[in-house]
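Understanding the architecture of this molecule
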Amino acid sequence: MPGELRAGADELETEELAHRAAAGDRAALDGLLRRIRPQVLHRCIRFLPCPQDAEEACQDALLQVATQIHTFGGRSKFTTWLYVVVTNCARQTYRSLKRRSAEQPSDVLHVDVPDPRTTSVIAGSRLDFLEALEQLGAERPELVTPLVLRDICQLDYEEIADYLGIPNGTLKSRIHAARQRVRASLSA
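This structure is a prediction, so every number in the text was calculated from the model and none was measured.

A few words on the overall build of the chain. Within the chain one finds nine helices and zero strands. Sequence-ordered secondary structure for the chain, helices as α and strands as β, is α-α-α-α-α-α-α-α-α. The buried share among the 188 residues of the chain stands at 38%. Across the chain, contacts joining residues at least 24 apart in sequence account for 62% of those joining residues at least 6 apart. Of the roughly 10700 Å² that the chain leaves accessible, carbon and sulfur atoms contribute 53%.

What follows is the structure in C-alpha cells.
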C-alpha cells in the first residue's frame, strides 16, 4: 500500500508540474523534464532496440515537451499527452534512421553491424512491429495512435477515448481493426 500511495503522489506531482509548465512556469518545466526523463527513455527503449537510437528519440521527445508544453490543455492526463509525444518521436527516429540507411552511398565502406532481426528475437520483433506501424500509418493513420496507446502504453480505454475525443465504441473498433492489420503484416 505505501508504494501505491507514493506512485499516486508522484503522478499528482507530475500533473501539477505539467499544468504549471503549460502556464509558462520555467522552473516547473525544468522540474518536469528531470522527473519524466527516465520514463521517457524507458518508453523509447520499448520501441527502439538500439540504446543509442532510444536515447536519440528520448532527447527529441524531451525537446518536444519543452517546446510544445503550452499545447497541453489538461483535457487529458499529462501522461497520455506525453505518451503520444514519445510514440511520435520514437517512430520519427525510426523513420529517420531507416531513411539515412537507405541514403548511404554504396561505395562507402560499411562496418559490419549485425541486423537486430537475426541477433535478437526481441529487437527483431520491435523492428517488425515498427514496420507494421509504418504500413498501418500509411494506409489508416487514424488507427495508429489508439493501438499504440492501448497495446504499448497500456492506457485504459476511457483515458484513450477522452484524449482522442471519440466514443468508447469507436475506439475499440479502431483498436480491433489496427490489431488485425498489424497481425496480418507481422505474419506476412
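That was the structure; now back to the text.
Where helix H7 (residues 144-152) meets helix H8 (residues 157-164), the axes come as close as 10 Å, and the angle between the chain directions of the two elements is 150°. One finds that H7 runs roughly antiparallel with respect to H8. The crossing of H7 and H8 is right-handed. Between H7, through Thr145, Pro146, Leu149 and Arg150, and H8, the contact on the second element is made entirely by Tyr157, Ile160, Tyr163 and Leu164. For the contact of H7 with H8, a count of residues per class yields six nonpolar, one polar and one charged.

With that settled, the discussion passes to the side chain of threonine 87. Looking at where threonine 87 falls in the secondary structure, it is placed in helix H4 (residues 78-103). Overall, the relative accessible area of 5% leaves threonine 87 in the buried class. Reaching out from threonine 87, the side chain makes a polar contact with the backbone oxygen of tyrosine 83 at a distance of 2.7 Å. Threonine 87 has contacts with Phe47, Val148 and Cys153, leaving out every residue within four places of it along the chain.

Mapping leucine 136 onto the fold places it in helix H6 (residues 121-139). For the pair leucine 136 and arginine 179, spaced 43 residues apart in sequence, the C-alpha separation works out to 9.8 Å. Leucine 136 has contacts with Pro141, Leu143, Val144, Leu147, Ala178, Arg181 and Val182, leaving out every residue within four places of it along the chain.

Now for unusual backbone geometry. Of note, glutamine 154 is a non-glycine position whose phi angle comes to about 60°, a positive value. Mapped onto the elements, glutamine 154 comes out in the loop between H7 and H8.

Another aspect to go through is the pattern of salt bridges. Pairs can form between side chains of opposite charge once their charged atoms are near each other. Enumeration over the complete set of coordinates arrives at 12 salt bridges. Salt bridges here are not isolated pairs; linked through shared partners, they connect Asp10, Glu13 and Arg35.

With 54 residues, the main nonpolar core has Leu32, Ile36, Val40, Val65, Ile69 and Phe78 as its most contacted residues. At the level of elements, helix H1 (2-22), helix H2 (26-47), helix H3 (51-68), H4, H6, H7, H8 and helix H9 (168-187) are the ones that each hand at least two residues to this core. Examining the composition of this core, we find that 10 residues originate from one element, H4, more than from any other. Leave out the neighbours within four places in its chain, and isoleucine 69 touches Ala18, Ala21, Ala22, Leu29, Leu32, Gln64, Phe78 and Trp81.

The rules behind the values
- Residues numbered from 1 in each chain as written.
- Predicted model: local features only at pLDDT ≥ 70, side-chain atom pairs only at ≥ 80, totals over all residues.
- Heavy atoms only, no water.
- Helix = DSSP H or I, 4+ residues; strand = E, 2+ residues; numbered from the N terminus.
- Buried < 20%, exposed > 50% of the residue type's maximum accessible area, 1.4 Å probe, protein only.
- Contact = heavy atoms within 4.5 Å.
- Areas by Shrake-Rupley, 256 points an atom, 1.4 Å probe, with all protein chains shown as cover.
- Axes fitted to C-alpha atoms, helices over the stretch in contact; angles between N-to-C directions.
- Parallel < 35°, antiparallel > 145°, perpendicular 65-115°, else oblique.
- Left-handed = near helix turned anticlockwise from the far one by under 90°.
- Nonpolar A, V, L, I, M, F, W, Y, C, P; charged D, E, K, R; others polar.
- Polar contact = N/O pair within 3.5 Å; in protein donor to acceptor, adjacent residues only side chain to side chain.
- Salt bridge = Lys/Arg side-chain N within 4 Å of Asp/Glu carboxyl O.
- Core = buried A, V, L, I, M, F, W, Y, C linked by side-chain atoms within 4.5 Å.

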